[in-house]
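Remarks on the overall topology
Residue strings, one per chain:
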Amino acid sequence: MDILKISNISKSYGSNKVIDNMSFSVPENSIFGFIGKNGAGKTTTMKMILGLLKIDSGDIFVDGEKVVFGENKTNKHIGYLPDVPEFYGFMTSLEYLKLCGKITGMNDKDIINKSNELIELVGLKNINKKIKSFSRGMKQRLGIAQALLNSPKLLVCDEPTSALDPIGRKDVLDILYSVKEHTTVLFSTHVLSDVERISDHIVFLNKGKIALNGTLEELKSIKKGEKIEIEFLNSNEAKLFSQIYVDVNKISNTKLIISNKNENEMLEIMKLLYQNNISIQSLEKLEPTLEDLFLEVISK
Ligand SMILES: Nc1ncnc2c1ncn2[C@@H]1O[C@H](COP(=O)(O)OP(=O)(O)OP(=O)(O)O)[C@@H](O)[C@H]1O
Ligand SMILES: [Mg+2]
């Protein structure tokens, strides 16, 4: 079952078409990475999912229910962490979560139980200071707790890790990973290592369309083996090889990369190495990184 289905949506701001007939679906219990460079339309898409922005054409379904602009019926299934979350600085985490629970109509017992459970989950237990003195990482973790208050089926996080240091980033990613069992997570980012760390499904948004869509393995397998990396025993051997083989890219004094143009390329290289008595450390077909894929997508 898809918890979120985006079907042929388009959105323009004036003459600027930001989303162009875009479709993708998010399966339940996945961690879905929504990747796109600055201005790609990630926040715009998330706001349309929440019914906060009008879609020009197309439909969005959350748990099978159609999203209607300006209505919040489908939002009962969604927890949302905006790109710049706002808090009441004079409150503590617990006070803030209690307020959020009251506003959303939870009963008092649930508010207390859920708030305490979530404060523990996001690592803010025993921190009784006011939110205004929180670090960015702490605020982000409180934002996730707030978004999880109504036990949503879908957690939408807009760039939850941007502006965080490596420790803050790891904390947030660990929390998102830990809720996967009960909640599907859709998070936007341009930090590719974050996606590699926790996502099991990825979409690349480029020029208003989905340029790539699949699991990390699927996306990498498209390009697997297009490059061959040779590590030589020393720099002299590498130099010798680059003199006899055209079209090599130098990575370091002892490492070269060659594009794997045809099936026999590997054999040809081995033959040349043998015939010229060149010693190597290793020879392998390279897997592309997510960054390689991203750069290729946005260059189109
Ligand atoms: N309210 C608005 N009015 C006019 N144009 C807008 C508005 N909001 C966004 N845009 C434009 O729409 C495009 C997509 O913006 P959006 O904020 O959705 O991108 P994003 O992928 O979230 O970027 P970032 O990574 O910087 O957060 C940009 O060109 C932006 O300038
Ligand atoms: Mg954004």
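Fair warning: this is a prediction, and the values are worked out from it, not measured in the lab.

Before going further, it helps to examine the sheet that holds strand β2 (residues 16–27). One key point about sheets: their strands pair by backbone hydrogen bonds, in either a parallel or an antiparallel sense. Ordered in space as β2-β1-β4-β5, the 4 strands form an open sheet in which the pairing is antiparallel. Both outer strands of the open sheet, β2 and β5 (65–66), are each paired with one neighbouring strand and no more. As paired strands, strand β1 (residues 2–13) and β2 are joined by 8 bridges and run antiparallel to one another. Looking at β2, one finds that Asp2 is bridged to Pro27.

In this section: the side chain of Glu237. Relative to the helices and strands, Glu237 is located in helix α8 (residues 235–244). When residues no more than four places from it in sequence are discounted, the contact partners of Glu237 are Phe232, Asn277, Ile278 and Ser279.

Lining the immediate environment of ligand 1, one finds 13 residues, of which Gly39, Gly41, Lys42, Thr43 and Thr44 sit closest. The backbone of Ala40 places a nitrogen or oxygen atom 3.2 Å from an oxygen atom of ligand 1. Within the contact set of ligand 1, an oxygen atom lies 2.8 Å away from a side-chain nitrogen or oxygen of Lys42. Burial of ligand 1 by the protein amounts to 57% of the accessible area it has alone, namely 640 Å². For the shell around ligand 1, the leading source of residues is helix α1 (residues 42–49), giving 3 residues. A breakdown of the residues in the shell around ligand 1 according to their chemical character gives 3 nonpolar, 7 polar and 3 charged.

A word on the pattern of salt bridges. Enumeration according to the criterion identifies 14 salt bridges in this entry. Here Lys180 and Asp200 are joined by a salt bridge, their closest N and O atoms 2.7 Å apart. In this pair, Lys180 is assigned in the loop between α5 (166–178) and β8 (184–189) and Asp200 in the loop between α6 (192–198) and β9 (201–206), connecting sequence segments 20 residues apart. Judged by its relative accessible area of 22%, Lys180 falls in the partly exposed class. The closest approach of N and O atoms between Glu196 and Lys220, which form a salt bridge, is 3.2 Å. With Glu196 in helix α6 and Lys220 in helix α7 (residues 216–223), this pair connects stretches of sequence that are 24 residues apart. On the basis of relative accessible area, Glu196 is assigned to the partly exposed category, the value being 32%. Salt bridges here are not isolated pairs; linked through shared partners, they connect Lys17, Asp20 and Lys209.

The rules we used
- Residues numbered from 1 in each chain as written.
- Chains lettered and ligands numbered in written order.
- Predicted model: local features only at pLDDT ≥ 70, side-chain atom pairs only at ≥ 80, totals over all residues.
- Heavy atoms only, no water.
- Pairing = 2+ DSSP bridges.
- Helix = DSSP H or I, 4+ residues; strand = E, 2+ residues; numbered from the N terminus.
- Contact = heavy atoms within 4.5 Å.
- Near = heavy atom within 4 Å.
- Polar contact = N/O pair within 3.5 Å; in protein donor to acceptor, adjacent residues only side chain to side chain.
- Areas by Shrake-Rupley, 256 points an atom, 1.4 Å probe, with all protein chains shown as cover.
- Nonpolar A, V, L, I, M, F, W, Y, C, P; charged D, E, K, R; others polar.
- Salt bridge = Lys/Arg side-chain N within 4 Å of Asp/Glu carboxyl O.
- Buried < 20%, exposed > 50% of the residue type's maximum accessible area, 1.4 Å probe, protein only.

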